[in-house]
Amino acid sequence: MSAPRIAAPLAALAALSLLAGCSAADDSPEAEDQSIVFWTPQTTPERLAAQEEVAAAFTEKTGIEVEVVPMAGADQDQALVTGAASGDVPDVILHASTQTGAWSSQGLLDTQAATAAVDALGPDTFNANALEAVTIDGQISAVPSDGWSHVIAYRTDLLEQAGVDVPTSVEELADAATTVKEELGITGLAFGTQAGTASATEGIQSLFQSAGCELVTDGEVTIDSDACTEAAEQFLALRNSSTAGDFDVTSARAAYMNGDAAMLLFSTHILDELAGLDPATPATCPDCAATPTFLADNTGFITVLGEEPRQYGAVLGYGIPTGANTAAAQQYIEYVLDEGYADTLGVATEGRVPLRNGTADDPEAFAAAWGELGIGPAHDRTSAEIYGDEFVDGMSEGINSIYLWGMGTDDATLAGLVFSQGVLANQIEQLYNGSSPADVTAAMKAAVEEVQAGL
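Residues numbered from 1 in each chain as written. Predicted model: local features only at pLDDT ≥ 70, side-chain atom pairs only at ≥ 80, totals over all residues. Heavy atoms only, no water.

Trainee: So, the overall build of the chain: which residues are in play, and what are the values?
Mentor: The helix and strand tally for the chain stands at 21 helices and 15 strands. Here the C-alpha radius of gyration of the chain, 22 Å, is about what a compact globule of 455 residues would show, namely 23 Å. Its C-alpha atoms give the chain principal-axis dimensions of about 70 × 55 × 35 Å. Across the 455 residues of the chain, 57% fall into the buried class. A separation of at least 24 residues holds for 77% of the contacts in the chain among residues at least 6 apart in sequence. Split by element, the accessible area of the chain, about 17,500 Å² in all, is 47% carbon and sulfur. (Helix = DSSP H or I, 4+ residues; strand = E, 2+ residues; numbered from the N terminus. Rg over C-alpha atoms; globule rule 2.2 N^0.38 Å. Buried < 20%, exposed > 50% of the residue type's maximum accessible area, 1.4 Å probe, protein only. Contact = heavy atoms within 4.5 Å. Areas by Shrake-Rupley, 256 points an atom, 1.4 Å probe, with all protein chains shown as cover.)

Trainee: Describe the pattern of salt bridges, with residues and values.
Mentor: One pass over the full model with this rule turns up nine salt bridges. Note that Asp224 and Lys445 form a salt bridge whose closest N and O atoms lie 3.5 Å from each other. Of the two residues, Asp224 is situated in the loop between strand E9 (220-221) and helix H10 (226-239) and Lys445 in helix H21 (residues 437-453); the sequence distance between them amounts to 221 residues. In this structure, Arg381 engages Glu385 in a salt bridge whose closest nitrogen and oxygen atoms are separated by 3.5 Å. (Salt bridge = Lys/Arg side-chain N within 4 Å of Asp/Glu carboxyl O.)

Trainee: Account for the state of the cysteines, with residues named and values stated.
Mentor: This model, assessed by the stated rule, comprises two disulfides. Covalent S-S linkage joins Cys213 and Cys228, the inter-sulfur distance amounting to 2.0 Å. Looking down the S-S bond of the Cys213 and Cys228 bridge, the torsion is 90°, so its handedness is right-handed. Linking Cys213 in the loop between helix H9 (198-210) and strand E8 (216-217) with Cys228 in helix H10, this pair joins segments that are 15 residues apart in sequence. (Disulfide = S-S within 2.5 Å.)

Trainee: Describe the packing of helix H8 (residues 170-184) against H10, naming the residues involved and giving the relevant values.
Mentor: It is the contact of H8 with H10, at a shortest axis distance of 8 Å, that shows an interaxial angle of 25°. As far as their axial angle goes, H10 and H8 are roughly parallel. As for how H8 packs across H10, the hand of that crossing is left-handed. Residues Val170, Glu171, Leu173, Ala174, Ala177 and Thr178 of H8 lie in contact with H10, whose contacting residues are Gln234, Ala237 and Leu238. Tallied by class, residues from the contact of H8 with H10 come to six nonpolar, two polar and one charged. (Axes fitted to C-alpha atoms, helices over the stretch in contact; angles between N-to-C directions. Parallel < 35°, antiparallel > 145°, perpendicular 65-115°, else oblique. Left-handed = near helix turned anticlockwise from the far one by under 90°. Nonpolar A, V, L, I, M, F, W, Y, C, P; charged D, E, K, R; others polar.)

Trainee: Hey, could you go over the pairing of strand E6 (residues 143-155) for me, with residue numbers and the actual values?
Mentor: With 13 of 13 residues buried, E6 is to be regarded as a mostly interior element. Alignment of E6 against strand E12 (residues 313-319), held across six bridges, turns out to be antiparallel. Bridge assignment links Val143 to a residue of E12, and that residue is Tyr318. Bridging between E6 and strand E13 (residues 353-354) involves two bridges; their strand directions are antiparallel. Paired with Asp146 across the strands is Pro354, a residue of E13. (Pairing = 2+ DSSP bridges.)

Trainee: So what about the side chain of Thr268? Which residues, and what values?
Mentor: If you trace the backbone, Thr268 turns up in the loop between strand E10 (261-267) and helix H12 (271-274). Leave out the neighbours within four places in its chain, and Thr268 touches Trp148, Ser149, Val151, Glu350, Gly351, Val353 and Met395.

Trainee: Which residues make up helix H18 (residues 389-399), and what values go with them?
Mentor: Turning to H18, its buried residues are Phe391, Val392, Gly394, Met395, Ser396, Gly398 and Ile399. For H18, the secondary structure elements touched by its buried residues are E6, H12, strand E11 (299-302), E13, helix H16 (365-370) and helix H17 (383-387).

Trainee: Please provide a residue-by-residue account of the packing of aromatic side chains, values included.
Mentor: Under the counting rule described, the total for this entry stands at twelve aromatic pairs. Note on Phe38 and Tyr332: the rings are 5.4 Å apart at their centroids and 55° apart in plane angle, and the pair reads as tilted. Here the residue Phe38 occupies a position in strand E1 (residues 35-40), and Tyr332 occupies one in helix H14 (residues 326-336), the gap between them amounting to 294 residues. The class of Phe38 is buried, set by a relative accessible area of 2%. Classification of Tyr332 as buried rests on a relative accessible area of 2%. Geometrically, the ring pair formed by Tyr341 and Phe366 is edge-to-face, given 5.0 Å between the ring centres and 80° between the ring planes. On the criterion of sequence distance, the pair formed by Tyr341 in helix H15 (residues 341-345) and Phe366 in helix H16 is long-range, its members being 25 residues apart. Taken together, the ring pairs in this structure connect Phe38, Phe58, Tyr318, Tyr332 and Tyr335 into an aromatic cluster. The ring of Tyr432 carries the charged tip of Arg239 above its face, separated from the ring centre by 3.9 Å. (Phe/Tyr/Trp six-rings, centres within 6.5 Å; stacked < 30°, edge-to-face > 60°. Lys NZ or Arg CZ within 6 Å of the ring centre and 35° of its normal.)

Trainee: Can you tell me about the packing of H9 against H10, naming the residues and giving the values?
Mentor: It is at 9 Å that the axes of H9 and H10 come closest, and there the two elements cross at 125°. Of the possible angle classes, the one that applies to H9 and H10 is oblique. With respect to the hand of their crossing, H9 and H10 are arranged in right-handed fashion. From H9, Gly203, Ile204, Leu207 and Phe208 reach across to H10, where they touch Cys228, Ala231, Ala232, Phe235 and Leu238. Taken together, the residues that form the contact of H9 with H10 break down as eight nonpolar, one polar and no charged.

Pasting the structure below:
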């Protein structure tokens, strides 16, 4: 979604670490001649180098060598199964919460080791929703690390011109987007709507769940509920607020960056781009040439929607495979989530919002510190500096409201398949072609039940 990020350690953040039993002493005999293998999906050269620096600092402290292995999430699945069969597994894997459930059900994760790491750091210091996302059958199966959430960027000047207030719900968002199109003749909300695409899959889940729609509850598919049917109606209004047809992720971002859209549904990866810090994705609005910070200066962010927000996003966590060097693996995880946490998040600040909020003594330490990490390729400005402390507080609220359909329940597998197969996005074109929202959600239910029958 954005250019590679380079870690930007902040000396002030190191002082936040309390080292709550995180690491063995330098001369600990248990640490002698130990080593671990760490798989990471952060695979670009810059991000890999930054992670290797964190690993080197851990080695210097503990004597435990770390081999950092870049491996995309799609490759981790088969590699772990193959390794488990041969008895050759890595010791720590950074992975998505959707993988946690699948691996745990196959007995590939050491839940006792993950629980021990969470207990050492303090369960209450973690994002409660993220912890729920990695809790499978009542067992903590991985240790939450970081993630990103959807935000809605909006042009403060354009909403004022259109005479609309900042939306606080999906219904208000749909009304505001419609009014912007009618009053200003530009797109109200730019977001992924192209039927059958991954962009639409994200857009549907993000807005539907923010509207209170639940895909499945206790095994019963509920995508045809009243809340979901109303969400479909609002989704259509938002889609129709476009003056440029259907968007994918790239074209939606371009519309906002060009000044052709008043609002944009996107991930936190947009933060540096709006501020003109990413040469690969420059701001191209009419006023941006003279004032590169024009968009950032005139952009506000909606980080939660609704009274009980359920923000779409991603949860990454550290898993310890069955058969791993658990003692050393736990030490490493506890290090990168405490003393090394700032440098770990700085690997890609915009996409690595902390899921451990703070420490027992300072519950919001890491959430606040994230705002002081540099963003953009050069890491020379922070989100707090650009967007203000109120934005950082809002981001903390947003990431602590992170939610994915089925997470932490027996329905997680079904929800994951529905998402990965684009089941709902394949049905959404009916809505565009005039079918009623009720008929469309009924068709969605039938499609989801078909997937469910194959489990």
